[in-house]
Amino acid sequence: MIDEPTRQPHDLRHLTGPFDVVGDVHGCRVELDHLLRELGHSPGGGHPEGRTVVFLGDLVDRGPDTPGVLRLAMGMVEAGTALSVRGNHEEKLVRALQGRNVQVAHGLRESLDQLARETPAFRARVLEFCDSLEPHHVLDGGRLVVAHAGLPERYHGVQSPKMRALALWGQSTGGHDERGFPVRHPWAREYSGAATVLYGHTPVEEPEWVNGTLCLDTGCVFGGRLTALRYPERELVSVPARRTWYEQARP
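Residues numbered from 1 in each chain as written. Predicted model: local features only at pLDDT ≥ 70, side-chain atom pairs only at ≥ 80, totals over all residues. Heavy atoms only, no water.

Within an unreviewed UniProt entry, the label attached to the protein reads Phosphodiesterase, and the organism entered is Saccharothrix longispora.

Structure (structure tokens):
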């Protein structure tokens, strides 16, 4: 008898959706609740049509209720009604909760202060959850790839330090735009892969399809909107931020 090959953690090609893919939440629990209602999900997770939520990472930091967002997301993932990839903010939060030396900036202080008011058991659960998240997932028979900062085709389905760095952080040019956000290497303009790639990481005013890729971070925590894409329908659904929760520091 031939053993079946072990499925890699990022390989979820057997999950075919439909999916509701949600951009960077950054602790905005009220807006997340609003968006999930607009998408037809029940308050505790679950959808009458069996749709699965996919979080694109950066659930944490900057916003007013990181514990609330994590409590909801962790419950949905545990119930099988949601998936999530790891963002660079989960990466730094994991290091901080492990007691490692990290720069407490870019909203990490807000998360640590909020989590300090939670129980040790909850913090341990948060650490385990965030540290379990994969940098990218391949879904729907390889037709859909989700990664926090996007991912060029040659790294789809690959486990490597380079894949991890690109999926979590992207490739910076070293510059900043007029809003103070880092300018990333425009990998999507060079993309010619067969898979749809959905990602977040760098806020955009409006989601725009570029060669089969789409950024869904519309800057909710900065006073923009929280946005999801219904897949495979390619229908965008957004809700406005209640307020500007975090001011972006300009370089």
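On we go from here.
1. Some words on the pattern of salt bridges
Enumeration according to the criterion identifies 14 salt bridges in this entry. Measuring nitrogen to oxygen at the nearest pair gives 2.9 Å for the salt bridge that ties Asp-20 to Arg-51. Here the residue Asp-20 occupies a position in strand 2 (residues 19-22), and Arg-51 occupies one in the loop between helix 1 (29-38) and strand 3 (52-55), the gap between them amounting to 31 residues. One exposure class covers both Asp-20 and Arg-51, and it is buried. Among the ionic contacts, a cluster of salt bridges with common partners joins Arg-86, Glu-91, Arg-95, Asp-131 and Arg-164. (Salt bridge = Lys/Arg side-chain N within 4 Å of Asp/Glu carboxyl O. Helix = DSSP H or I, 4+ residues; strand = E, 2+ residues; numbered from the N terminus. Buried < 20%, exposed > 50% of the residue type's maximum accessible area, 1.4 Å probe, protein only.)

2. Some points on the state of the cysteines
According to the stated counting rule, one finds 0 disulfides in the structure shown. Here Cys-220 is not disulfide-linked; the sulfur of Cys-28 is the nearest cysteine sulfur, at 3.9 Å. Given the relative accessible area of 1%, Cys-220 is considered buried. (Disulfide = S-S within 2.5 Å.)

3. A word on the nonpolar core
Val-22, Val-25, Leu-32, Phe-55 and Leu-59 are the most contacted members of the largest nonpolar core, which has 39 residues in total. Those elements giving two or more residues to this core turn out to be helix 1, strand 3, helix 2 (66-79), helix 3 (88-97), helix 4 (108-116), helix 5 (120-132), strand 11 (225-231) and strand 12 (235-240). Looking at this core element by element, the count peaks at 6 residues for helix 2. Ignoring sequence-local partners within four residues, the contact set of Leu-32 consists of Val-22, Val-25, Phe-55, Val-69, Leu-72 and Leu-226. By size, the runner-up hydrophobic cluster in this structure holds 15 residues, among which are Val-21, Leu-56, Leu-139 and Leu-216. (Core = buried A, V, L, I, M, F, W, Y, C linked by side-chain atoms within 4.5 Å. Contact = heavy atoms within 4.5 Å.)

4. With respect to the pairing of strand 2
The two faces of the sheet receive side chains in turn, since in a regular strand these alternate between them. What you see with strand 2 is no split at all: Phe-19 and Val-21 on one side and Asp-20 and Val-22 on the other are buried throughout. The pairing of strand 2 with strand 3 spans 4 bridges and is parallel. Residue pairing in the sheet places Val-22 in a bridge with Phe-55 of strand 3. Direction of pairing for strand 2 relative to strand 11: antiparallel, over a ladder of 4 bridges. Looking at the pairing, Val-21 lines up with Leu-229 of strand 11. (Pairing = 2+ DSSP bridges.)

5. Focus: the environment of Leu-59
Considering the arrangement of structural elements, one finds Leu-59 in the loop between strand 3 and helix 2. Its relative accessible area of 0% is what places Leu-59 among the buried residues. Linking Leu-59 and Leu-139, residues 80 residues apart in sequence, is a C-alpha distance of 20 Å. Among residues more than four places away in sequence, those in contact with Leu-59 are Val-25, His-26, Gly-27, Thr-66, Val-69, Leu-70, Ala-73, Ser-84, Glu-90 and Phe-129.

6. Digging into the pairing of strand 3
Taking every second residue as pointing to the same face, both faces of strand 3 are buried, with Thr-52 and Val-54 on one and Val-53 and Phe-55 on the other. Crossover handedness for the path strand 2 to helix 1 to strand 3: right-handed. Examined bridge by bridge, strand 3 and strand 4 (residues 82-84) share 3 bridges and lie parallel to one another. Opposite Val-54, over in strand 4, you have Leu-83 as the bridge partner. Taken together, strand 3, helix 2 and strand 4 form a β-α-β motif whose crossover is right-handed. (Right-handed = clockwise from strand over helix to strand, strands pointing away.)

7. Considering the sheet that holds strand 11
Taken together, 5 strands build an open sheet; the order of strands is 4-3-2-11-12 and the sheet is mixed. Taken across any chain shown, the strands that pair with only one partner, and hence form the sheet edges, are strand 4 and strand 12. For this sheet the average axis-to-axis angle between neighbouring strands, irrespective of direction, equals 20°. Running over the sheet, helix 1 touches strand 2, strand 3, strand 11 and strand 12 and is turned about 145° from strand 12. (Axes fitted to C-alpha atoms, helices over the stretch in contact; angles between N-to-C directions.)

8. Some points on the side chain of Asp-217
The topology assignment puts Asp-217 in the loop between strand 10 (213-215) and strand 11. Buried charge Asp-217 goes without a salt bridge, the closest partner of opposite sign being Arg-62 at 6.5 Å. A polar side-chain atom of Asp-217 sits 3.0 Å from the main-chain amide nitrogen of Gly-219. Once residues lying within four places of it in the same chain are set aside, the contact partners of Asp-217 are Asp-24, Tyr-199, Gly-200, His-201, Thr-202, Pro-203 and Val-204. (Lys, Arg positive; Asp, Glu negative; His and termini not counted. Polar contact = N/O pair within 3.5 Å; in protein donor to acceptor, adjacent residues only side chain to side chain.)

9. Things to note about the packing of aromatic side chains
One pass over the structure, following the stated rule, counts 4 aromatic pairs. Geometrically, the ring pair formed by Trp-187 and Tyr-191 is edge-to-face, given 6.0 Å between the ring centres and 80° between the ring planes. Of the two residues, Trp-187 and Tyr-191, both sit in the buried class. Members of the aromatic cluster, each reached through a chain of ring pairs, are Trp-187, Tyr-191 and Tyr-199. We note Arg-71 situated over the ring of Phe-122; from NZ or CZ to the ring centre the distance is 4.2 Å. (Phe/Tyr/Trp six-rings, centres within 6.5 Å; stacked < 30°, edge-to-face > 60°. Lys NZ or Arg CZ within 6 Å of the ring centre and 35° of its normal.)

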